[in-house]
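# Breakdown of the fold
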Amino acid sequence: MFGFFKKAKSAKELDRIIAEITMNMQNNYKDAAQSAFKELERRFHEMKEAGELSEAQVTEYGITITSFKERLKAYSHKDQKPYWTK
């Protein structure tokens, strides 16, 4: 019974980080989005190794992380060209 609550708390933390990444991307805060993504990956792996996530959660968050990784691949200010060079 208590394991359920531990998993729910873990999922809330990951959901909070995902919401932060999404908000940063919507506001074009590229560095903040990259930083939050690194935090998401780190916490996901820590929780997975500690057994704090169910198999379904591991699968669900794994898919989400893969999706973010693809979207954030070239998502940074250093890759952005100045408007006057277009």
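Overview of the structure. This one's a predicted model, so the numbers in the text were calculated from it and none came from an experiment. (Residues numbered from 1 in each chain as written. Predicted model: local features only at pLDDT ≥ 70, side-chain atom pairs only at ≥ 80, totals over all residues. Heavy atoms only, no water.)

### A short note on the overall build of the chain
Across its full length, the chain holds three helices and zero strands. Each helix and strand of the chain, placed in order from N terminus to C terminus, yields the pattern α-α-α. Buried residues in the chain amount to 29% of all 86 residues. Taking all contacts inside the chain whose residues are at least 6 apart in sequence as the whole, residues at least 24 apart take part in 70%. (Helix = DSSP H or I, 4+ residues; strand = E, 2+ residues; numbered from the N terminus. Buried < 20%, exposed > 50% of the residue type's maximum accessible area, 1.4 Å probe, protein only. Contact = heavy atoms within 4.5 Å.)

### So, unusual backbone geometry
For Asn-28, which is not a glycine, the phi torsion comes out positive at approximately 65°. Tracing the backbone through its elements, the reader meets Asn-28 in the loop between helix H1 (2-26) and helix H2 (30-50).

### A short note on the nonpolar core
Judged by nonpolar contacts, the single largest core of 19 residues is most densely connected at Ile-21, Leu-40, Phe-68 and Leu-72. Secondary-structure elements contributing two or more residues to this core are H1, H2 and helix H3 (55-71). If near-sequence neighbours (up to four positions away) are discounted, Leu-72 is found in contact with Ile-21, Met-25, Ala-33, Gln-34 and Phe-37. (Core = buried A, V, L, I, M, F, W, Y, C linked by side-chain atoms within 4.5 Å.)

### Regarding H2
In this model H2 runs 30 Å from its N-terminal to its C-terminal C-alpha over 21 residues, within 8% of the 30 Å that 1.5 Å per residue would give. Those residues of H2 that fall on the buried side of the exposure criterion are Lys-30, Ala-33, Ala-36, Phe-37, Leu-40, Arg-43, Phe-44 and Met-47. Looking down the long axis of H2, one finds its buried residues gathered within 145° of arc, a one-sided arrangement. Away from its buried face, by an angle of more than 90 degrees, H2 presents the exposed residues Asp-31, Lys-38 and Glu-49. Positive phi appears at Gly-51, one or two residues downstream of H2, with a value of about 75°. (Expected span 1.5 Å × (residues − 1). Arc of directions from axis to C-beta.)

### So, the pattern of salt bridges
The full count for this structure, using the stated rule, is seven salt bridges. A salt bridge links Glu-13 to Arg-43, with the shortest nitrogen-to-oxygen separation between them at 2.8 Å. Here Glu-13 is found in helix H1, whereas its partner Arg-43 is found in helix H2, with 30 residues between them in sequence. The partly exposed category is assigned to Glu-13, whose relative accessible area is 25%. Measuring nitrogen to oxygen at the nearest pair gives 3.3 Å for the salt bridge that ties Arg-16 to Glu-20. (Salt bridge = Lys/Arg side-chain N within 4 Å of Asp/Glu carboxyl O.)

### Structural notes on the packing of H2 against H3
Running from amino to carboxyl end, H2 crosses H3 at an angle of 155°, the nearest separation of the two axes being 11 Å. Comparing the axis directions of H2 and H3 gives the class roughly antiparallel. You can see that H2 and H3 cross each other, and the crossing is left-handed. Contacts between H2 and H3 involve Phe-37, Leu-40, Glu-41, Phe-44 and Lys-48 from the former and Val-58, Tyr-61, Gly-62, Ile-65, Phe-68 and Lys-69 from the latter. The residue inventory of the contact of H2 with H3, partitioned by class, reads seven nonpolar, one polar and three charged. (Axes fitted to C-alpha atoms, helices over the stretch in contact; angles between N-to-C directions. Parallel < 35°, antiparallel > 145°, perpendicular 65-115°, else oblique. Left-handed = near helix turned anticlockwise from the far one by under 90°. Nonpolar A, V, L, I, M, F, W, Y, C, P; charged D, E, K, R; others polar.)

Nothing here speaks to function; it is geometry throughout.
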